[in-house]
Every structure is written in C-alpha cells, then in structure tokens.
Amino acid sequence: MTPVARLRAIRSVTLCSPAATDAAEFYAEVWGLERVEADGGAAWLRGTGAEHHILELRPGASNGLGKIAFAVGSPREVDEAGRRLGALGVPLLTEPGPLDQVGGGYGLRLIDPEGRLVELSADLEAVVPRDPDGHAAIPRKLAHVVLNTVDIDAACEFYTGVLGMRISDWSEHQMAFLRCNTDHHVIAFNAAEWTSVNHVAYEMTSIDHFMRGIGRLRHHGQLPLWGPGRHGPGSNTFSYFADPAGLVCEYTSEVAQVDEDAWLCRVWRRTPELSDLWGTAGPPSRDVRTHMAGVPDPGHLQRSAS
Ligand SMILES: [Fe+2]
C-alpha cells in the first residue's frame, strides 16, 4: 500500500476534559507553555518552537482525545492525501480545504480505526520566536503522544500502511514506537483494555532544562508520578506528572535520532534495566499506571453526538 501522504512532524494535540480550564492554567503557569488564545473554555498553548500551538484544551464530559494534528508539506499534498484516503474508503470528517480554526492552515480531518480524529495540515500561521536564545527551561515542542489501543496490530497497520509512519521499535508486543521524521517516535501505541490517551510528552532542549523543569514542578509542590529516568527504546529521558485533569504529561529530552537508511527495528524486553536505564525511576507505580490507563474514550464521533 502506498501511504496517502508524507507526514513531516507532529504539530499538536487536543485534549478534552471537564477540568480543561484548570488544566490550561497549569500548562500556562507551571508547565511552561504560553497561552496564545482562549475562547469559551477552550485554550490554545504553544511551546518555544515554530508551531502556532502544540496543545489545545477543550471542555468535555470526560477526559479524552480531541485530535492529533500532523504536518504535511503543502496544500497540494493535503489534496492528494484526500484523494487517496477517499480511494481507500477512510472516512473524512473534513474534506481538504482551509481550516476554520485558531492558527488557520489548509488541511483535512479523518477518523482512524479506533475513532480518533486525525488532522493533516499545511500552511499554518507563523508565530514570533519565543525564547530565541534557548535559555528558558520550558518545552520547545510536542515530543510524542502515547495512545492506548485495544488492537495494537490494527493501529500500527493503519498508521504505517495508510499514514506512512515507520515502526522504530517494539517493547515486546505491548508497545510500538512510530516515527515520521528523524525523532525515534512521535506517537506510540500501548496495548490496553480500552482506547484512551496514555500520556503526552513535551520536549525540553537539553537534559539541564529537563531537570530544571522537574525542579520548577517541585517548587510548585508537584513531584513526578514516575521518574526522572531514561528509557531504553528511544533513549529519551522521562519524568511523568499528572495535570489537574488527571491526564499524564511528561518532560522528555534527547530522544534518539533515526538514520532512515541504517535504522533497524528491535524488540525490547520489558525488564527494569531496559525501561529505566539509569535505575533512578524504579518500576512504575499502580498510581501512574492508573493515570496512564485513563478512562474509556468513546471516540470523536460519539463524543460530539453526546
Ligand atoms: Fe513518553
């Protein structure tokens, strides 16, 4: 199967929650994002990088995924993706065209096999550089989103076969790490009892900033649910926290960079030495596992119908 598009990057994630307002306050005042816009309980927040926003928070009846947005190269590629998705019978929620949303852009929206809303977009509004010298210990961009799935093989089949992502590594048959550029993973699937968001990770530009970020959270009375540590697959540092909505957010840094022509996918055993290379984090607690499992997500169409 020829993929419908070449995804360049993960742009942003939209999270829905009854506690969206409190969560927005946390991400703006503590986590290090900047609010670019707010409207009727929804908020859009950016990092220091070039994306117009990396996180959108919307009010919702329960915690869930609103949307994941990926960048493609041009409106022409959006149009081509629309044609190919149509030929494959993938349901489009929004046909290719100008996007009526904060940050604008030209894009399309599709529904993946588990009801997640996925946006492919180009030509979003440019923003003025923030922290151009890179001194602030605040997130630059979205690093990755981990999604709980009830069918990890079907999820991988769709995101590789249709969307053209590549599997960088497996953690046994429990997790699959997928890339669309040189970052080892921009999304990962975790085999679970129900579909939900496992966590969202934000990239710090250095390990020093990563640690200073953890220090800032500590100053605000918040200790990591798990971490700090360094994972085996992807080699990235990790420190997981719970936001006021109970959703898990992560500071990460130094994710492995993949040379497309030389990379070989591996299957990692789920041992303490491989999940926590430094040995600083220990095994994940029941509490962090419960947070990462979240609540069953009915999917975009059912959520908008209710
Ligand atoms: Fe992560």
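Residues numbered from 1 in each chain as written. Predicted model: local features only at pLDDT ≥ 70, side-chain atom pairs only at ≥ 80, totals over all residues. Heavy atoms only, no water.

## Here's the deal with helix α4 (residues 207–219)
Here is the rule we go by: Counting from the N terminus, the helices are the DSSP runs of H or I reaching at least four residues and the strands are the DSSP runs of E reaching at least two. In this analysis, the expected span of each helix is defined as 1.5 Å times one less than the number of residues it contains. Burial classification: accessible surface area is computed with a 1.4 Å probe over protein chains only, and a residue below 20% of its type maximum counts as buried, one above 50% as exposed, and the rest as partly exposed. Here the arc refers to the set of directions running from the helix axis out to each C-beta atom. Any two residues whose heavy atoms approach within 4.5 Å are treated as being in contact.
An ideal rise of 1.5 Å per residue puts 18 Å on 13 residues; α4 measures up with 18 Å between its terminal C-alpha atoms. For α4, the complete set of buried residues consists of H209, F210, G213, I214 and L217. Angularly, the buried residues of α4 cover 145 degrees about the axis, an arc narrow enough to put them on a single face. With respect to the buried face of α4, the exposed residues turned more than 90 degrees away are R218 and H219. Tucked into the core, α4 has its buried residues touching α1 (20–31), β14 (226–230), β15 (237–242) and β16 (248–253).

## Some points on the nonpolar core
The condition that has to hold: Among buried residues, the Ala, Val, Leu, Ile, Met, Phe, Trp, Tyr and Cys ones that are joined through side-chain atoms within 4.5 Å form a nonpolar core. These domain limits were set by an automatic method or by a database of domain assignments.
Counting 64 residues, the largest nonpolar core has Y27, W31, F70, Y159 and Y202 as the members making the most contacts within it. The element best represented in this core is α1, accounting for eight residues. Taken domain by domain, the makeup of this core includes at least three residues from each of domain 1 (9–122) and domain 2 (141–293). Among residues more than four places away in sequence, those in contact with Y27 are G32, L33, L45, L55, L57, Y202, D243 and C249. Counting nine residues, the second largest nonpolar core, distinct from the first, contains L225, V248, V288 and M292.

## Re the coordination of the iron ion
This is how the line gets drawn: Each metal's donors are the N, O and S atoms found within 2.8 Å of it, except that Na, K and Ca use a 3.2 Å limit; water is left out, so coordination can look incomplete.
Coordination of the iron ion by the protein is provided by H144 (NE2), H199 (NE2) and E250 (OE), with metal-donor distances spanning 2.0 to 2.2 Å. One chain supplies every donor to the iron ion, and in sequence these donors are spaced H-x54-H-x50-E. Here H144 is found in strand β9 (residues 141–149), whereas its partner H199 is found in strand β13 (residues 196–203), with 55 residues between them in sequence. There is no split in this pair, since H144 and H199 are both buried.

## Overview of the environment of E125
On the secondary structure map, E125 appears in the loop between β8 (117–122) and β9. Note on E125: relative accessible area 46%, which makes it partly exposed. In the structure, E125 is positioned 149 residues away from L274 in sequence and 41 Å away in space, judged by C-alpha atoms. Here E125 is in contact with H52, G103 and G104, once residues within four sequence places are set aside.

## Side note on the domain arrangement of the protein
It is common to give the size of an interface as the accessible area that goes away when the parts come together. Keep this limit in mind: Here's the idea: put two parts together, see how much 1.4 Å probe accessible area each one loses, and the total over both is what we call buried area. For this document, the term salt bridge refers to a Lys or Arg side-chain nitrogen within 4 Å of an Asp or Glu carboxyl oxygen. Each residue gets one label: Ala, Val, Leu, Ile, Met, Phe, Trp, Tyr, Cys and Pro are nonpolar, Asp, Glu, Lys and Arg are charged, and the others, such as Gly, are polar.
The domains assigned to the protein are domain 1 (9–122) and domain 2 (141–293). Once you take the C-alpha centre of each, domain 1 and domain 2 turn out to be 20 Å apart. If you look at the interface, domain 1 gives 33 residues, while domain 2 gives 37 residues. Of the roughly 2700 Å² buried between domain 1 and domain 2 on both sides combined, carbon and sulfur atoms contribute 74%. Here domain 1 is connected to domain 2 by zero salt bridges. Mapped onto the side of domain 1 that touches domain 2, the elements with two or more residues apiece are β1 (9–17), α1, β5 (64–71) and α2 (75–88). Among the residues making up the side of domain 1 that touches domain 2, the classes are represented as 22 nonpolar, five polar and six charged.

## Overview of the environment of W170
Tracing the backbone through its elements, the reader meets W170 in strand β10 (residues 166–171). Setting aside its immediate chain neighbours within four residues, W170 contacts I152, D153, C156, M175, A176, C265, R266, V267 and W268.

## Topic: the sheet that holds strand β6 (residues 92–98)
Let me state the cut-off plainly: Whether two strands pair depends on DSSP finding at least two bridges between them. To get an axis, a line is fitted to the C-alpha atoms, and for a helix only the part in contact is used. The angle between two axes follows their N-to-C directions and goes from 0 to 180 degrees.
A sheet is described by the order of its strands in space; here eight strands give the open sequence β2-β3-β4-β1-β5-β8-β7-β6, paired in mixed fashion. Of all strands in the sheet, those with a lone pairing partner are β2 (34–39) and β6, marking the two edges. Going from strand to strand, the sheet's axes swing by 15 degrees on average, the running direction of each strand aside. Relative to strand β7 (residues 106–111), β6 is paired through four bridges, and the arrangement is antiparallel. Within β7, the residue paired with G97 across the bridge is G107. Its contacts with the sheet put α1 on β1, β2, β3 (42–46) and β4 (55–59), and the angle it makes with β4 is roughly 155 degrees.

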